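# Coordinate analysis (summary)
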Amino acid sequence: MQQGVAKNYLGAWLVKENIIKPEQLQEALQIQSTSKDKKLIGKILVQLNYCTENDVARIMAKRDRVPFISLENYNSDMNALATLAPEAAKRYNALPIGFDNDGRLLVAMKEPRNIMVLDDLRVLTGYEIQPVIAPDGELEVAIEQYFRNSSNFDENEETDTMPELETTGDDGAERPAVQLVNMILAQAVSAKASDIHIEPYEKYLRVRFRLDGVLHDMMQPPKRMHLSLVSRIKVMAGMDIANRQTPQDGRMTFRLDGRVIDVRAASLPGSYGERLTLRLLDRSNEIITLEELGIAPDILKRYRKAIQLPYGFVLVTGPTGSGKSTTLYASLLDLDRDQRNVITVEDPVEYRLDRVNQIQINPKAGLTFATGLRSILRNDPDIIMVGEVRDKETARIAVESAMTGHMVFSTLHTNDAAGTISRLGEMEIEPFLTTSSLVCVLAQRLARLLCPHCKEAYTATRAQVVNIPGFPLERGEETFNLYRPVGCMRCSNTGYRGRIGIFEFLPMTSEIQRLTIANRSAAEIKQAAIAEGMITLRQDGLRKVKEGFTSLEEVLRVVL
């Protein structure tokens, strides 16, 4: 044992500081000696949950007599960061983060004792180096973010209309705006933002990203850059830069790190100048399956049975941004597309599906959902997907199509599944047509997933949740573990990373059909469905809270 400890200085220090036990080190050394990739002892100990990355970094800092810094709580100096190219930062696993009182460059490193790396960094940056140690995971995330945010944009070869994202001239006034736009777009793609908001106010300019459905402040560029920033984006999106008084829409496409990103831009004149909203769509994102959506097995089994029927009307409902289109795509992927003709009409076509004929509406050319749906019916379809039922005409054609031997999928804006039946009535669809065509309704919301790296467990008692309607309590269960958000670098300090669906499945049973024919209210239909075993949105969300996927606060935020 002593020999094993002596051979690994870090392990000896961890034992000496009472962070791990000697037998735990011995186990890690045994794993290290038999592994093919020869992992560092610190990584093995972390993987075994015998210590944390913070423990390892602090002990290394103490051993090597260099400062320890947590990058999560450190505001990096942009001037320091600019001293080292992103490629070099990645190659040396080192990131400049600031300067000390003596003017030395503070560099977070994995190997602070590597003399060759220190010499190279001294030459590359032109500064004397003061190495510091940060936890491995934090350093890796920070370097990756720096590398991505500094990446060059490439022209998308698939479109001839995409504007260049790099300037070709020497206009000094224009260049900062180009760099700022590139940085904003790169950071948004890296953070997996769905939207970018550029908002001018009296004394400052604010840039916000929508991450997992919630807006977060990301940066405040100088107010003087507002006009050049907006002009640059409007040029890229094919908008009129001279017109600042009326709202405009535009589109652009760019390539970043081999990924093709489509952007829809919208301008809106305000009191302090034009604001811009950019909707980002990453073409390289793979469409997720029904299982990956987070549909509970009991609901998924019944939904799958419904969509496999030869004809009928399937509606997915929820507010804007609740993932309805994603569910429709996943549903189409679950069906046989080899022996059936599948045609969609969408606005816009968000994802390209193999073996599916997709049509994008063009109102200026007279191609709306209603006219597109009529055209589809003349092309011998088996399965039809309509992006959204927006008007009475589209609703009636969809219902009639379902009644004449077609399987029709679409979306509708309602608060819950039962409200869909009332909404169809408001769109002048007679109750007997609804009962004859509608197969099922799937209502949904999106809740943010707790970040797996920083979520914190806590003990909840029965008394704390007994007054929350729908919370799944077992008989005799007095205490249980729930989780809450904390925030770390991996989740941009939000405590959440990714989203999961919350679902409510309403099949058109004979009882629901009877109530529909009788023009009963949505509340009565919902009560009848619950009596027949329907799991409500709130109940499904609270199940996911108890399973550790999300927090109680998040579910109560997204489900009324």
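The shown structure was predicted, so the numbers you read here are calculated from the model rather than taken from an experiment. (Residues numbered from 1 in each chain as written. Predicted model: local features only at pLDDT ≥ 70, side-chain atom pairs only at ≥ 80, totals over all residues. Heavy atoms only, no water.)

### Description of the UniProt feature "domain: Bacterial type II secretion system protein E" (unreviewed entry) in the protein chain
Under the present numbering, the feature "domain: Bacterial type II secretion system protein E" (unreviewed entry) in UniProt falls on residues 377-391. Taken as a whole, residues 377-391 contains 7% helix and 27% strand, while its terminal C-alpha atoms sit 18 Å from one another. (UniProt positions renumbered as here; feature names shortened; annotations may be inferred. Helix = DSSP H or I, 4+ residues; strand = E, 2+ residues; numbered from the N terminus.)

### Overview of the nonpolar core
In this structure, Phe-313, Leu-438, Phe-471, Leu-506 and Ile-512 are the most contacted members of the largest nonpolar core, which totals 54 residues. Ranked by residues supplied to this core, first place goes to helix H15 (residues 392-403) with 5 residues. Not counting residues up to four positions away in its chain, the partners in contact with Leu-506 are Ala-417, Ala-418, Ile-421, Cys-440, Val-441, Ile-512, Ala-529 and Met-534. Counting residues in hydrophobic clusters, the runner-up holds 31 residues, among them Ala-193, Met-225, Met-236 and Val-263. (Core = buried A, V, L, I, M, F, W, Y, C linked by side-chain atoms within 4.5 Å. Buried < 20%, exposed > 50% of the residue type's maximum accessible area, 1.4 Å probe, protein only. Contact = heavy atoms within 4.5 Å.)

### A look at H15
With 12 residues, H15 should reach 16 Å at 1.5 Å per residue; the first-to-last C-alpha distance of 17 Å fits that figure. Along H15, the positions that sit buried rather than exposed are Thr-394, Ala-395, Ile-397, Ala-398, Val-399, Ser-401 and Ala-402. Of the surrounding secondary structure, the elements contacted by the buried residues of H15 are strand E11 (312-317), helix H14 (369-377), strand E14 (383-386), strand E15 (407-412) and helix H17 (431-437). If you check the start of H15, you find a side-chain oxygen 3.2 Å away from the backbone N of Glu-393, and it comes from Asp-391. Remark: Gly-405 follows H15 within two positions and exhibits a positive phi of approximately 100°. (Expected span 1.5 Å × (residues − 1). Polar contact = N/O pair within 3.5 Å; in protein donor to acceptor, adjacent residues only side chain to side chain.)

### With respect to the packing of aromatic side chains
Within the structure shown, the criterion is met by 5 aromatic pairs. Taking 5.1 Å as the distance between ring centres and 25° as the angle between the ring planes, the aromatic pair formed by Tyr-201 and Tyr-204 counts as stacked. Judged by its relative accessible area of 26%, Tyr-201 is partly exposed. Given a relative accessible area of 34%, Tyr-204 falls into the partly exposed group. Ring centres of Tyr-329 and Tyr-351 lie 5.5 Å apart, and the angle between their planes is 90°; on these two criteria the pair is classed as edge-to-face. A residue pair is termed long-range when its members are at least 10 positions apart, and Tyr-329 in helix H13 (residues 324-333) and Tyr-351 in the loop between strand E12 (342-346) and strand E13 (357-360) qualify at 22 residues. In this structure, Tyr-329 and Tyr-351 share a single accessibility class: buried. Between Lys-455 and the ring centre of Tyr-483, over which it is positioned, the NZ or CZ distance is 4.5 Å. (Phe/Tyr/Trp six-rings, centres within 6.5 Å; stacked < 30°, edge-to-face > 60°. Lys NZ or Arg CZ within 6 Å of the ring centre and 35° of its normal.)

### Describing the environment of Glu-346
Tracing the chain through its elements places Glu-346 in strand E12. Relative accessible area serves as the criterion here: at 3%, Glu-346 is assigned to the buried category. The sequence separation of Glu-346 and Val-56 amounts to 290 residues, and the corresponding C-alpha distance is 52 Å. For Glu-346, the residues in contact, after removing those within four places along its chain, are Tyr-329, Gln-358, Ile-359, Gln-360, Ile-361, Phe-369 and Met-385. Within the local environment of Glu-346, its side chain forms a polar contact with the side chain of Thr-344, the two groups lying 2.6 Å apart.

### What about the environment of Phe-209?
Position of Phe-209 among the secondary structure elements: in strand E6 (residues 205-211). In sequence terms Phe-209 and Leu-373 are 164 residues apart; their C-alpha atoms lie 35 Å from each other. Apart from the residues lying within four places of it in its own chain, the contact partners of Phe-209 are Ile-184, Gln-187, Ala-188, Ala-193, Asp-195, Ile-196, Val-214, Leu-215, His-216 and Met-218.

### Description of the state of the cysteines
Under the counting rule described, the total for this entry stands at 0 disulfides. Here Cys-454 stays unpaired: no disulfide links it, and the sulfur of Cys-488, its closest cysteine neighbor, is 3.8 Å away. (Disulfide = S-S within 2.5 Å.)

### Notes on helix H19 (residues 510-517)
The periodicity of an α-helix, 3.6 residues per turn, causes residues three or four places apart in sequence to face the same way. Taken together, the buried positions of H19 are Ile-512, Leu-515 and Thr-516. Relative to the axis of H19, the buried residues are bounded by an arc of 105° and lie together on one face. Where H19 is buried, its residues meet helix H16 (418-426), H17, strand E19 (496-507) and helix H20 (522-531). One or two steps after H19, the chain reaches Asn-519, where phi turns positive at roughly 60°. (Arc of directions from axis to C-beta.)

### Overview of the packing of H16 against H20
Where H16 contacts H20, the axes come no closer than 8 Å and their chain directions differ by 145°. Handedness of the crossing formed by H16 with H20: right-handed. Between H16 and H20, the residues in contact are Ala-418, Gly-419, Ile-421 and Ser-422 and Ala-522, Ile-525 and Lys-526, respectively. By residue class, the composition of the contact of H16 with H20 is 4 nonpolar, 2 polar and 1 charged. (Axes fitted to C-alpha atoms, helices over the stretch in contact; angles between N-to-C directions. Left-handed = near helix turned anticlockwise from the far one by under 90°. Nonpolar A, V, L, I, M, F, W, Y, C, P; charged D, E, K, R; others polar.)

### Considerations on the sheet that holds strand E2 (residues 105-109)
Judged by pairing direction, the sheet is mixed, and its 3 strands sit side by side in the order E1-E2-E3 without closing on themselves. Of all the strands in the sheet, just strand E1 (94-99) and strand E3 (129-133) have a single pairing partner and so form its edges. Strand-to-strand twist of the sheet, defined as the mean angle between neighbouring strand axes without regard to direction, takes the value 35°. Where E1 meets E2, 5 bridges bridge the pair, whose relative direction is antiparallel. By the bridge assignment for E2, Leu-95 is matched with Ala-108. (Pairing = 2+ DSSP bridges.)

### Notes on the pairing of E11
Buried residues dominate E11, accounting for 6 of its 6 residues. Because side chains alternate across E11, one face comprises the buried residues Gly-312, Val-314 and Val-316, and the other comprises Phe-313, Leu-315 and Thr-317, equally buried. Sheet analysis places E11 next to E15, joined by 6 bridges and oriented parallel. Residue pairing for E15: Gly-312 is matched across the bridge by Met-407. Here E11 pairs with strand E16 (residues 438-450) via 5 bridges, running parallel. Across the sheet, Thr-317 pairs through a bridge with Ala-443, a residue of E16.

### What about the domain arrangement of the protein chain?
Partitioning the protein chain into domains gives domain 1 (10-51), domain 2 (192-282) and domain 3 (297-450 + 498-559). A C-alpha centroid distance of 32 Å is found between domain 2 and domain 3. At the interface, 9 residues of domain 2 touch 10 residues of domain 3. For the pairing of domain 2 and domain 3, the buried interface totals around 710 Å² over both sides, and the portion due to carbon and sulfur atoms is 48%. Taken as a group, Asp-212, Val-214 and Leu-281 account for 58% of the area that domain 2 buries against domain 3, more than any other trio of residues on that side. In this structure, the connection of domain 2 to domain 3 is made through 0 salt bridges. Seen at the junction of domain 2 and domain 3, the total is 1 residue pair in polar contact (both at pLDDT 80 or more). Listed by contribution, the elements that provide at least two residues to the side of domain 2 that touches domain 3 are strand E7 (214-219), strand E9 (259-270) and strand E10 (273-282). By residue class, the composition of the side of domain 2 that touches domain 3 is 2 nonpolar, 2 polar and 5 charged. (Domains from an automatic or database assignment. Buried area = accessible area lost by both parts, 1.4 Å probe. Salt bridge = Lys/Arg side-chain N within 4 Å of Asp/Glu carboxyl O.)

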